[in-house]
Amino acid sequence: MMKFSIYGRMCLLLGLVFSFSACKDDDDDKSDKATNQWIESAMRSYYLWYEKIPDKKELNFNADPKAFFYSLLVLEDGKIKNKTRYYYSTIKKKKSAATRSNMGEEPTLGFEFQTWIINGAGYRAVSVLYVLPGSPAEKKGLRRGDWIHKINGAEVTDKNVSDLVGGKTVVLAVSDSYTDRQNTHSVELVPAMVEDNPIFLTRTFQDESTGHKKVGYMVYNHFTSGPDGDKDETYNNELRQQFGAFKTEGVEEFVLDLRYNGGGLVTSAQILAELLAPGSALGNTFCYLQYNDIQSKTVTYKLEETEQNLNLPRLFVLTTNRTASASEAVINGLRPYYDVYLLGERTEGKNVGSITLTNDKYDYELHPIVCRIFNVQNQSEYEGGFPSNWEPDEPNGDYRPIVNHVELGDKENDVLLKAAIYWIRNGVKPPVTGFTRSSGSKLTPGYCSLDRKATNGVQVPF
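The rules behind each value
Residues numbered from 1 in each chain as written. Predicted model: local features only at pLDDT ≥ 70, side-chain atom pairs only at ≥ 80, totals over all residues. Heavy atoms only, no water. Helix = DSSP H or I, 4+ residues; strand = E, 2+ residues; numbered from the N terminus. Buried < 20%, exposed > 50% of the residue type's maximum accessible area, 1.4 Å probe, protein only. Contact = heavy atoms within 4.5 Å. Pairing = 2+ DSSP bridges. Axes fitted to C-alpha atoms, helices over the stretch in contact; angles between N-to-C directions. Salt bridge = Lys/Arg side-chain N within 4 Å of Asp/Glu carboxyl O. Core = buried A, V, L, I, M, F, W, Y, C linked by side-chain atoms within 4.5 Å. Right-handed = clockwise from strand over helix to strand, strands pointing away.

Draft legend 1. Spotlight on the environment of Val330. Along the chain, Val330 turns up in helix H6 (residues 326–334). Classification of Val330 as buried rests on a relative accessible area of 1%. Note: C-alpha distance between Val330 and Phe286 (44 residues apart in sequence) is 8.1 Å. Beyond its immediate stretch of four places on either side in the chain, Val330 contacts Phe223, Ala269 and Phe286.

Draft legend 2. Spatial organisation of unusual backbone geometry. With a phi close to 55 degrees, Asn152 is a non-glycine residue in the positive phi region. Tracing the backbone shows Asn152 in the loop between strand E8 (147–151) and strand E9 (154–155). On the accessibility criterion, Asn152 (42% relative accessible area) is partly exposed. For Asn378, which is not glycine, the phi torsion reads 60 degrees and is therefore positive. Examined against the element boundaries, Asn378 turns out to sit in the loop between strand E22 (369–374) and helix H7 (415–426).

Draft legend 3. The sheet that holds strand E12 (residues 199–205), seen in detail. Taken in spatial order, the five strands line up as E12-E13-E14-E17-E18 in an open sheet, and their pairing is mixed. Each of the sheet's edge strands pairs with one partner strand only, and the pair in question is E12 and strand E18 (339–344). Taken over all neighbouring pairs, the strand axes of this sheet differ in orientation by 20 degrees on average, direction set aside. In this sheet, strand E13 (residues 215–220) lies alongside E12 in antiparallel orientation, the contact comprising six bridges. Bridge pairing in E13 places Arg203 opposite Tyr217. Across the sheet, H7 lies against E12, E13, strand E14 (253–257), strand E17 (314–319) and E18, angled at about 165 degrees from E17, the strand it touches most.

Draft legend 4. Local environment of the side chain of Arg259. Considering the arrangement of structural elements, one finds Arg259 in the loop between E14 and helix H5 (266–276). What Arg259 contacts, discounting residues up to four positions off in sequence, is Arg144, Tyr217, Leu318, Thr319, Thr320, Arg322, Thr323, Leu408, Asp414 and Leu416.

Draft legend 5. Geometry of the pattern of salt bridges. Under the criterion given, the structure shown has 14 salt bridges. Note that Arg44 and Glu40 form a salt bridge whose closest N and O atoms lie 2.5 Å from each other. Of this pair, Arg44 and Glu40 both sit in helix H1 (residues 32–46), four residues apart, which is roughly one turn of the helix. Residue classification places Arg44 among the partly exposed positions, given a relative accessible area of 24%. Under the relative-accessibility criterion, Glu40 is labelled buried at 4%. Measuring nitrogen to oxygen at the nearest pair gives 2.7 Å for the salt bridge that ties Glu348 to Lys81. With Glu348 in the loop between E18 and strand E19 (352–354) and Lys81 in strand E3 (residues 79–81), this residue pair connects regions lying 267 residues apart in the sequence. On the basis of relative accessibility, which here comes to 30%, the residue Lys81 falls in the partly exposed class. Residues participating in the shared-partner salt-bridge network are Glu40, Arg44 and Lys56.

Draft legend 6. How the structure looks around the nonpolar core. If you look at the biggest cluster of nonpolar residues, it comprises 74 residues, and the most contacted ones within it are Phe243, Phe254 and Leu276. Among the elements that make up this core, the one with the highest residue count is H5 (seven residues). With residues near it in sequence (within four places) discarded, Phe254 still touches Gly216, Tyr217, Met218, Phe243, Phe246, Leu276, Leu310, Leu312, Leu315 and Phe316. Membership of the second largest hydrophobic core comes to 28 residues, among which are Tyr130, Val215, Phe316 and Val415.

Draft legend 7. Broad picture of H5. Burial analysis of H5 places 10 of its 11 residues in the buried class, the great majority of the element. Taken residue by residue, H5 has Val266, Ser268, Ala269, Gln270, Ile271, Leu272, Ala273, Glu274, Leu275 and Leu276 as its buried positions.

Draft legend 8. Spotlight on the pairing of E17. Extensive coverage of E17 is indicated by the burial of six of its six residues. Where burial is concerned, the two faces of E17 agree: the one with Arg314, Phe316 and Leu318 and the one with Leu315, Val317 and Thr319 are both buried. In this structure, E14 lies alongside E17, joined through three bridges in parallel fashion. For Asp257, the partnering residue across the bridge sits in E17 and is Leu318. The pairing of E17 with E18 spans six bridges and is classified as parallel. Looking across to E18, one finds that Val317 is bridged to Leu342. Handedness of the crossover joining E17 and E18 through H6 is recorded here as right-handed.

Written out as structure tokens, the structure is:
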């Protein structure tokens with residue numbers, strides 16, 4: 001007998017938790033073997049590539065459940081970056097430490113970061129990408145563009161950098177530059193509960209640089225409906241209200257900053273898309289989700305009529321290689337209706353979605369990929385990521401490292417935002433010259449606090 005309990009939950013792109021019992025009802029065995037039997041049964045039913053799961057005779061049902069789960073996954077599931085493979089499908093112990101997408105649910109230091117390997121110097125440093133308002137990091141003066149050179153007195157390594165996301169008290173050696181390791185100051189951060197509103201920053205620009213057009217700008221960092229789960233519509237309502245304000249101001253063009261957005265709920269992505277879409281697209285399909293032939297189902301989302309729609313002529317999106325999942329669904333879903341221009345890096349390329357499977361008998365949550373995401377034109381072939389329409393030429397280094405504390409929303413000094421404003425004013429793609437910002441020496445990106453979010457996959461309703 002199967003027991004089903006379905007309820008919504010945000011994970012990364014599109015969200016739901018599905019409680020699934022695949023073993024006998026009288027089997028209360030929590031051994032690895034019993035857990036793995038449940039895992040195997042669930043995956044053969046829901047996994048998008050279920051037909052490629054190895055035959056039972058090739059599986060070790062006595063293995064550790066995490067190792068067993070990953071032995072079921074296929075090459076199509078995930079990516080290889082920096083010579084390292086990661087999967088979109090994941091498994092974790094229940095009630096484990098929160099990932100980035102749950103930052104508001106666990107004590108946190110309250111900032112996002114990227115590690116960099118300083119080529120030629122042989123050391124690592126951590127770049128602060130942004131700091132949450134009211135967080136321990138903000139209260140101690142940490143800023144976007146700060147560089148962390150030591151963690152608890154030790155050089156930055158792939159191992160100790162995880163202390164920045166693990167809810168631990170840390171002491172950081174911080175300076176204004178990745179090259180300045182000597183003139184650091186000490187910052188002690190104690191984790192605390194912090195609200196992580198996805199609407200991080202909004203601006204309206206109108207001056208000579210915009211050609212006197214009113215340009216809306218928003219940094220939107222994850223697709224979350226509200227702080228208390230999927231049934232909480234607080235953030236979705238605030239999103240609608242903000243676009244109502246943009247409309248009242250007479251915004252004519254829009255720059256959407258998704259550089260640090262790895263995904264979230266499909267319903268929140270749908271709302272954002274219908275606010276940004278041209279008015280003529282409302283009532284039409286935003287995206288649809290195609291499940292495997294065992295589940296044999298398709299779920300379609302439409303661009304609903306809304307009073308807050310800006311009826312834009314086109315859209316400019318700022319991207320990095322961590323722009324993923326729901327962010328890419330918005331790009332893919334809107335492209336059939338008008339021009340969507342990307343400035344920055346090629347996106348992640350996650351055109352698939354996951355659900356969460358749980359069973360009260362076992363201590364694990366499964367997050368398998370279960371569907372592909374398509375737009376109204378049946379397009380889903382962006383597993384290689386969306387290439388940018390414009391990227392700065394940085395002959396002497398990667399332009400992404402933040403120098404001189406360039407804040408989000410600084411249209412004079414933020415390379416990508418400045419380029420988008422130029423494009424809006426002049427109606428043509430910006431030249432590369434005048435938008436470069438040499439970082440001085442070659443940097444190679446390493447561990448990022450958003451990586452976990454990117455690998456959890458697109459969560460979808462079932």
